[in-house]
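Chains, contacts and geometry: an overview
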Amino acid sequence: MDLVQIISNLAFQFGLPGLLVASALVNATVFIVVPVVELAVIALAAGKVYPPLLLGIAAGVGAGIGEMTGYLVGMHGQKWIKQFDPQENKLMRSVQQTLSQHTLKGTAAILVLASIPFPFDVVGLAAGVAKFPPLNFFIAATAGKTVRFTVLAYASLWGFTAIVSAFLQG
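Figured I'd write up the structure that's included with this text. (Residues numbered from 1 in each chain as written. Predicted model: local features only at pLDDT ≥ 70, side-chain atom pairs only at ≥ 80, totals over all residues. Heavy atoms only, no water.)

**Concerning the packing of aromatic side chains**
Tallied over the entire structure, the rule returns three aromatic pairs. With 6.0 Å between their ring centres and 20° between their planes, Phe120 and Phe137 make a pair best called stacked. On the criterion of sequence distance, the pair formed by Phe120 in the loop between helix H7 (103-115) and helix H8 (121-129) and Phe137 in helix H9 (residues 134-158) is long-range, its members being 17 residues apart. Residue Phe137 is classed as buried on the basis of its relative accessible area of 0%. Ring centres of Tyr154 and Trp158 lie 5.0 Å apart, and the angle between their planes is 40°; on these two criteria the pair is classed as tilted. On the criterion of helical spacing, the pair formed by Tyr154 and Trp158 is a turn pair, its members being four residues apart in helix H9. Of the residues examined, Tyr154 reaches a relative accessible area of 30% and is grouped as partly exposed. (Phe/Tyr/Trp six-rings, centres within 6.5 Å; stacked < 30°, edge-to-face > 60°. Helix = DSSP H or I, 4+ residues; strand = E, 2+ residues; numbered from the N terminus. Buried < 20%, exposed > 50% of the residue type's maximum accessible area, 1.4 Å probe, protein only.)

Printed below as a string of structure tokens:
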């Protein structure tokens, strides 16, 4: 059984707690995109297994926990980050500059970027490098991911395939 299958089984066999753990594991990876959590939220919402809001909260809290990995790597692994390609470094420096300018502006940026289809690992790394307050990062990332998964769950339940497709590509 491969890792993707194990993570999928967590969500389907253990319900909301399994979805939370699966979301934490998937979001703890840095630069490895595995849409397992999105697919689980879609399946559970479309199957009317759990209310979409509970799905969004479980997946969002797990994602917020998992995203702390990227933050910690950024905070402690600055030499490793310099090995990324120049385009990733340019994006990371841009995000880092925004985060270091103002905590409120940075918190709002994290919330927005966590809620849309976007390679969010860059944000976590940049926040760690910028020594952005970890509690602010966690709350904003969790809130944004909760919004993202709740929208995805409602869109799945109501059959809005364009929205679902947009969130799977992020």
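**Let's talk about helix H2 (residues 15-27)**
For H2, with 13 residues, the first-to-last C-alpha span of 18 Å sits near the 18 Å given by 1.5 Å per residue. Restricting attention to buried positions, one finds in H2 the residues Gly15, Leu16, Gly18, Leu19, Ala22, Ser23, Ala24, Val26 and Asn27. (Expected span 1.5 Å × (residues − 1).)

**Overview of the packing of H2 against helix H4 (residues 52-76)**
Between H2 and H4, whose axes approach to 7 Å, the crossing angle comes to 35°. In terms of crossing hand, the pair formed by H2 and H4 is right-handed. Judged by residue contacts, Leu16, Leu19, Leu20, Ser23, Ala24 and Asn27 of H2 engage Leu54, Leu55, Ala58, Ala59, Val61, Gly62, Ala63, Ile65, Gly66 and Glu67 from H4. Partitioned by chemical class, the residues of the contact of H2 with H4 number eleven nonpolar, four polar and one charged. (Axes fitted to C-alpha atoms, helices over the stretch in contact; angles between N-to-C directions. Left-handed = near helix turned anticlockwise from the far one by under 90°. Contact = heavy atoms within 4.5 Å. Nonpolar A, V, L, I, M, F, W, Y, C, P; charged D, E, K, R; others polar.)

**Structural notes on the nonpolar core**
Of all hydrophobic cores here, the largest spans 20 residues; its most connected members are Leu19, Val37, Val41, Leu55, Ala59 and Phe149. Put simply, the parts of the chain that give this core at least two residues each are helix H1 (3-13), H2, helix H3 (36-46), H4 and H9. Counting 16 residues, the second-largest nonpolar core is a separate cluster that includes Leu113, Ala114, Val123 and Ala130. (Core = buried A, V, L, I, M, F, W, Y, C linked by side-chain atoms within 4.5 Å.)

**Some details on unusual backbone geometry**
Of note in this structure, Lys131 is not a glycine but carries a positive phi near 55°. Summarising the element assignment, Lys131 is placed in the loop between H8 and H9.

**Notes on the pattern of salt bridges**
Counting across every chain of the model gives one salt bridge. Between Glu67 and Lys145 there is a salt bridge, with its nearest N and O atoms 3.6 Å apart. Residue Glu67 is found in helix H4, and its partner Lys145 is found in helix H9; the two are separated by 78 residues along the sequence. In this pair, the class of Glu67 matches that of Lys145, namely buried. (Salt bridge = Lys/Arg side-chain N within 4 Å of Asp/Glu carboxyl O.)

**A look at the packing of H7 against H9**
Contact geometry of H7 with H9 gives a least axis separation of 7 Å together with a crossing angle of 30°. Viewed along their axes, H7 and H9 adopt a mutual orientation that is roughly parallel. Of the two elements, H7 crosses H9, and the hand of that crossing is right-handed. Within the contact between the two elements, H7 uses Thr103, Thr107, Ile110, Leu111, Ala114 and Ser115 and H9 uses Asn136, Phe137, Ala140, Ala141, Ala143, Gly144, Lys145, Val147 and Arg148. For the contact of H7 with H9, the class distribution of residues is eight nonpolar, five polar and two charged. (Parallel < 35°, antiparallel > 145°, perpendicular 65-115°, else oblique.)

**Quick word on the side chain of Ser115**
Here Ser115 shows up in helix H7. Look at Ser115 and you get buried, because its relative accessible area is 14%. Of the polar contacts made by the side chain of Ser115, one reaches the backbone oxygen of Val112; its length is 2.8 Å. (Polar contact = N/O pair within 3.5 Å; in protein donor to acceptor, adjacent residues only side chain to side chain.)

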